[in-house]
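Inside the fold
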Amino acid sequence: MRYYIDLFSPETAKAFADSSQDVTGFRISRKTYVENQKIGLGDRFICYVTRIQRFIGVLEIQSDPYIDNIPILTAENDPFVLRFKVKTLVWLPLEKSIPIHIDELWNNLSFTKGLAKDNLRWIFMVRGSPKLWPQKDCELIEKALLEQSKIQKDYSFSEEESSKLKPQKIRVSDKKEIIVSVPEEEVTEEIEIKEEDRKAIAIQAKLAEIGEKLGLKIWLPNSDRVKVLSIWKPKNEDILLNELPLVFDDTTLKTIRNIDVLWIKGRSIVRAFEVEHTTSIYSGILRMADLLALQPMLNIKIHIVAPSERKEAVFRQITRPVFSLIGENSLSEVCSYISYDSIIELAQEERLEFMNDTIVDEYSEFFGEQ
C-alpha cells in the first residue's frame, strides 16, 4: 500500500462532502503520472485542502483509473475527469480539518520538521496531485485524522482563512460561474528588485535550457537576450529564433514578442511562460490576458512562473474579474502557476531529451486545483 496526496480546494472539498463520497478525480494531464506510478486498488489518498492548508480525509482506492466527464466536483465542465472509485475512511467537516501547522504534525513531518512556521520551503509537497508521499508522514497524518474523526476538535478559522473560504463569484453565462478575487489594496513587498531581476533571468535561462532539451525552438524578448545568453549557451545557433514563424496581426505579434519565454515547434507556439519577479506581480499576467483576448481560439499552454512565496499573489491576480471573460474560459482556467523551485528541479531531470513538453504539466498548478 502506498499513499498519495489528493488536493482539494475548499469548494471541491465541500462538493465531495455533499456527494456520495465514492469517487475522486484529477486533471487528465496527470494520466501519465498515474499510469507510471501504477496507482490502484488498495493505495490511499491523503486529502489536503489548498488555500487553508489543512488535512481533511483519507480515501482508499477501490478501482483502476478511468475517464468520466460527468460533473462531480463542479456544477459543469468538471476538469477532474481522471477518476478512481474510493472508499472514504475519514472525511472531516472543513472547520474540523487539521491545520498542517499544529505542533503534532509540523514538528514531526519530514518536510516541515525544524522549519519556522512561516517558512514555505515545504510548499512543493502540495504541488499537483496525485503525488507519492512519504509512508511515515502519511501514517502520522492518517492516525491524526482518524483520532480527529472521533474527538471532533474545533480548529477555528483565522480571519485570513475565513476570507479564503468565501470566494467571490461572477456569472459569465446562464450556467457558468467563475471565482474571482477583488483585492482591497495592493501590498507592495519590500524586495530588492535588482536581486529579483537576476533570479528571473536565471529562471528564463533554465526555461530556455529545458525547451532546448525537449527539442523545441526558443523565443526570448530582445530586451532580455543578452542577459539570458550570459547564462544559457544553446548548442546550436538556430535554437534561439531571431524571427517568429507565426502569422498574426501586428498587435498580436507585438504582444507575443514580449512574452518572457516561448517554446516553438514548427510554426506553432507550444507553451508560453511569463516569469514574474516585480513587486506588482501582474505585468506578465496582463500580457497573457492580452494574448488570449487578441486570439481567443489560440490553443497553447500558458504559465506564470514565480517564487513559491508569491503563489497566492499570482492566483489573486489571475482570478480578478477583468480576467474572467477571455474567450470561452477565464484566465484562471487556462493559465497555470509554476514555482521557481519546480523549474530548477525540472531542469535537473536527466531524461529530458527523451520526453516531450507535457512533462511541464507535472509541475503546474491551477487555481482551485485538487
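Please refer to the structure higher up on the page.
Counting from 1, residues in each chain are numbered in the order their sequence is written. A pLDDT threshold of at least 70 governs which residues receive local features in this predicted model, and a stricter bar of 80 or more applies before side-chain atom pairs are shown or counted, although totals over entire chains, interfaces and linings include all residues. Excluding hydrogens and water, the side-chain figures rest on all heavy atoms present in the structure.

**Some remarks on the sheet that holds strand S12 (residues 261-265)**
We count it as follows: The criterion for strand pairing is that DSSP finds at least two bridges linking the strands in question. Secondary structure elements are taken from DSSP: a helix is a run of H or I of four residues or more, a strand is a run of E of two residues or more, and numbering for both begins at the N terminus. Angular values range over 0 to 180 degrees, each being the angle between N-to-C directions of two axes fitted as lines to C-alpha atoms, with helices fitted over their stretch in contact. Residues count as neighbours in contact if any of their non-hydrogen atoms are within 4.5 Å of one another.
The strand order S11-S12-S13-S14-S15 describes an open sheet built from five strands, whose pairing is mixed. Looking at the sheet topology across the chains shown, the edges are occupied by strand S11 (217-219) and strand S15 (335-339). Direction aside, neighbouring strands of the sheet carry axes that sit 25 degrees apart on average. Taken together, the three bridges between S11 and S12 define a ladder with antiparallel strand orientation. Each residue of the ladder has a partner; that of Trp-219, found in S12, is Leu-262. Relative to S15, helix H10 (residues 311-318) is tilted by about 170 degrees, and along the sheet it contacts strand S14 (301-306) and S15. Running at roughly 75 degrees to S15, helix H12 (residues 340-347) makes contact with strand S13 (268-275), S14 and S15 of the sheet.

**Focus on the packing of aromatic side chains**
Remark: the centre distance and the inter-plane angle together describe each pair of aromatic rings, the angle taken between the planes. Our working definition: Each Phe, Tyr or Trp ring (for Trp, its six-membered ring) is paired with any other whose centre lies within 6.5 Å, and the angle between the two planes then decides the class: stacked below 30 degrees, edge-to-face above 60, tilted in between. Each residue gets one of three labels from its accessible area relative to the maximum for its type: buried under 20%, exposed over 50%, partly exposed in between, using a 1.4 Å probe on protein chains only.
Tallied over the entire structure, the rule returns 13 aromatic pairs. Look at Phe-8 and Trp-91: their rings are 5.2 Å apart centre to centre, the planes differ by 70 degrees, and that puts the pair in the edge-to-face class. Within this pair, whereas Phe-8 is found in strand S1 (residues 3-8), its partner Trp-91 is found in strand S6 (residues 82-91), the two being separated by 83 residues in sequence. Residue class for Phe-8 comes out buried when judged on its relative accessible area of 0%. Take Trp-91: its relative accessible area is 15%, and that puts it in the buried class. Considering the side-chain rings of Phe-16 and Trp-91, the 4.5 Å spacing of their centres and the 50 degrees angle between planes classify their relative orientation as tilted. Highlighted residues: Phe-16 in helix H1 (residues 10-18) and Trp-91 in strand S6, separated in sequence by 75 residues. Comparing Phe-16 with Trp-91, the two get one shared label, buried. Among the aromatic residues, those joined into a cluster by ring pairs are Tyr-48, Phe-55, Phe-111 and Trp-133.

**Thoughts on the pattern of salt bridges**
Spelled out, the test is: Between Lys or Arg on one side and Asp or Glu on the other, a salt bridge is scored when a side-chain nitrogen of the former is within 4 Å of a carboxyl oxygen of the latter.
The tally for this structure, following the rule as stated, stands at 21 salt bridges. Glu-161 is paired through a salt bridge with Arg-54; the nearest N and O atoms lie 3.4 Å apart. In this pair, Glu-161 sits in helix H5 (residues 159-164) while Arg-54 sits in strand S4 (residues 54-61), placing the two residues 107 residues apart along the sequence. Here Glu-209 makes a salt bridge to Lys-213, at a shortest N to O gap of 3.3 Å. With Glu-209 and Lys-213 both in helix H6 (residues 193-213), this residue pair falls four residues apart, about one helical turn.

**Notes on helix H8 (residues 250-257)**
The condition that has to hold: Here, the arc refers to the directions that run from the helix axis to the C-beta atoms.
Every buried residue of H8 is listed here: Thr-252, Leu-253, Thr-255 and Ile-256. In a view along the axis of H8, the buried residues occupy a sector of 160 degrees, so they form one face of it. When the buried face of H8 is taken as reference, the exposed residues oriented beyond 90 degrees from it are Asp-250 and Lys-254. Residues of H8 that are buried make contact with S11, S12, S13 and helix H9 (283-294).

**Let's talk about the side chain of Glu-142**
To keep it simple, the criterion reads: N or O atoms closer than or at 3.5 Å make up a polar contact, with two conditions inside protein: a donor-capable atom paired with an acceptor-capable one, and, for residues adjacent in sequence, both atoms drawn from side chains.
On the secondary structure map, Glu-142 appears in helix H4 (residues 135-151). Of the polar contacts made by the side chain of Glu-142, one reaches the side chain of Tyr-3; its length is 2.6 Å. A polar side-chain atom of Glu-142 sits 2.5 Å from a polar atom in the side chain of Arg-44. If we skip the residues at most four places from it in the chain, Glu-142 touches Tyr-3, Arg-44, Ile-46, Val-58 and Leu-89.

**So, the nonpolar core**
Applied cut-off: The criterion is simple. A nonpolar core is a set of buried Ala, Val, Leu, Ile, Met, Phe, Trp, Tyr and Cys residues joined through side-chain atoms within 4.5 Å.
Core analysis: the biggest nonpolar cluster contains 50 residues, and Phe-45, Phe-55, Trp-122 and Trp-133 have the highest contact counts within it. At the level of secondary structure, the elements contributing two or more residues to this core comprise S1, H1, helix H2 (31-37), strand S3 (44-49), S4, S6, helix H3 (103-106) and H4. Counting residues in hydrophobic clusters, the runner-up holds 30 residues, among them Leu-220, Val-270, Ile-343 and Leu-346.

**Regarding the side chain of Arg-54**
A relative accessible area of 1% places Arg-54 in the buried class. There is a polar contact of 3.2 Å between the side chain of Arg-54 and the backbone oxygen of Ser-97. Polar contacts involving the side chain of Arg-54 include one to the main-chain carbonyl oxygen of Tyr-155, which spans 2.8 Å.

**Re the pairing of S14**
The side chains of a regular strand alternate, first on one face of the sheet and then on the other. For S14, a buried count of five out of six residues is recorded, marking the element as mostly surrounded by other parts of the structure. Pairing geometry for S13 and S14, over five bridges, is parallel. The partner of Ala-272 across the bridge, within S14, is Ile-302. In the sheet, S14 pairs with S15 via five bridges, with the strands oriented parallel.

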